[in-house]
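In case you want the letters, here they are:
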Amino acid sequence: MEFETVATVAELPPGTGRAFVVGDQMIAVFHLADGQFRAIDDACPHQGASLAEGHVDEETVACPWHGWRFRLCNGAWADNPRLKVNAYPVRVAGDQIQVGLEPIA
Ligand code: FES
């Protein structure tokens with residue numbers, strides 16, 4: 001799979017998230033407090049808020065507009081896993097955060 005560099009590790013401190021253009025889409029990348037990275041589609045399927053702006057609580061992010069929560073590991077809506085956004089693989093190469101261009105199945 002192809003990966004694209006979005007930022008350096010120093011540019012995304014633990015506990016923060018930020019949206020990046022990856023390929024032709026906006027993807028929200030999160031640096032979790034435990035040091036791991038996660039990536040999901042940035043647009044909330046409810047009304048399109050940026051999920052990168054949401055509050056992260058361990059393995060979920062809460063949409064900043066109306067609080068829908070999505071699991072960062074697979075993009076599933078915490079209240080109804082049948083609804084989901086795409087989740088993407090993330091790797092760190094040297095000091096660079098790289099996001100895979102294809103969603104996790
Ligand atoms: S826009 Fe995300 S919950 Fe409404």
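Keep in mind it's a predicted model, so treat the numbers as computed, not measured. (Residues numbered from 1 in each chain as written. Predicted model: local features only at pLDDT ≥ 70, side-chain atom pairs only at ≥ 80, totals over all residues.)

**Examining the overall build of the protein chain**
For the record, the criterion: What counts as a helix is a DSSP run of H or I of at least four residues, what counts as a strand is a run of E of at least two, and both are numbered from the N terminus. Every radius of gyration here is taken over C-alpha atoms, with the globule rule written as 2.2 Å times N^0.38, N being the number of residues. Burial is judged by counting other C-beta atoms within 10 Å of a residue's own C-beta: 20 or more means buried, 12 or fewer means exposed, and anything between counts as partly exposed, with every C-beta placed from the backbone. Any two residues are considered in contact once their C-beta atoms, placed from the backbone, lie within 7 Å.
Scanning the protein chain for helices and strands turns up zero helices and 10 strands. Its helices and strands taken in sequence order, the protein chain reads β-β-β-β-β-β-β-β-β-β from the N to the C terminus. Taking 2.2 N^0.38 as the reference for a compact globule, 105 residues should give roughly 13 Å; the C-alpha atoms of the protein chain span a radius of gyration of 12 Å, in line with that estimate. Judged by the C-alpha coordinates and their principal axes, the protein chain covers about 35 × 25 × 20 Å. Expressed as a percentage of its 105 residues, the buried residues of the protein chain come to 29%. Pairs at least 24 residues apart make up 37% of the contacts formed inside the protein chain by residues separated by at least 6 positions.

**Observations concerning the sheet that holds strand β8 (residues 87-88)**
The following threshold applies: Strand pairing is assigned whenever DSSP detects at least two bridges linking the two strands.
The antiparallel open sheet is built from four strands, whose spatial order is β2-β3-β4-β8. Bordering the open sheet on either side are β2 (16-22) and β8, each of which pairs with just one other strand. Where strand β4 (residues 37-41) lies against β8, two bridges are found, and the strand directions are antiparallel. Paired with Ile40 across the bridge in β8 is Ala87.

**Let's talk about the environment of Arg69**
Looking at the secondary structure, you find Arg69 in strand β7 (residues 69-71). A residue is classified by how many C-beta atoms lie within 10 Å of it, and Arg69, with 17 of them, is partly exposed. For the pair Arg69 and Leu12, spaced 57 residues apart in sequence, the C-alpha to C-alpha distance is 21 Å. In this structure Arg69 touches Thr60, Val61, Ala62, Ala78 and Asp79, once residues within four positions along its chain are discounted.

**As for the nonpolar core**
Counted only if it meets this: Note on terminology: a nonpolar core is any set of buried Ala, Val, Leu, Ile, Met, Phe, Trp, Tyr and Cys residues joined through C-beta atoms within 7 Å.
Membership of the largest hydrophobic core comes to 22 residues, with the highest contact counts inside it found for Ile27, Ala28, Val29, Ala39, Ile40, Leu51 and Val99. Among the elements of the structure, β3 (25-31), β4, β8 and β10 (96-100) are those that each provide at least two residues to this core.

**Structural notes on the pairing of β3**
A regular strand carries its side chains on alternate faces of the sheet. Among the seven residues that make up β3, five are buried, leaving the element largely enclosed by the rest of the structure. Here β2 runs beside β3; their pairing, made up of seven bridges, is antiparallel. Note that in β3 the partner of Phe20 across the bridge is Ile27. Here β2 hands over to β3 after two residues, with Gly23 in that stretch at a positive phi of 60°.

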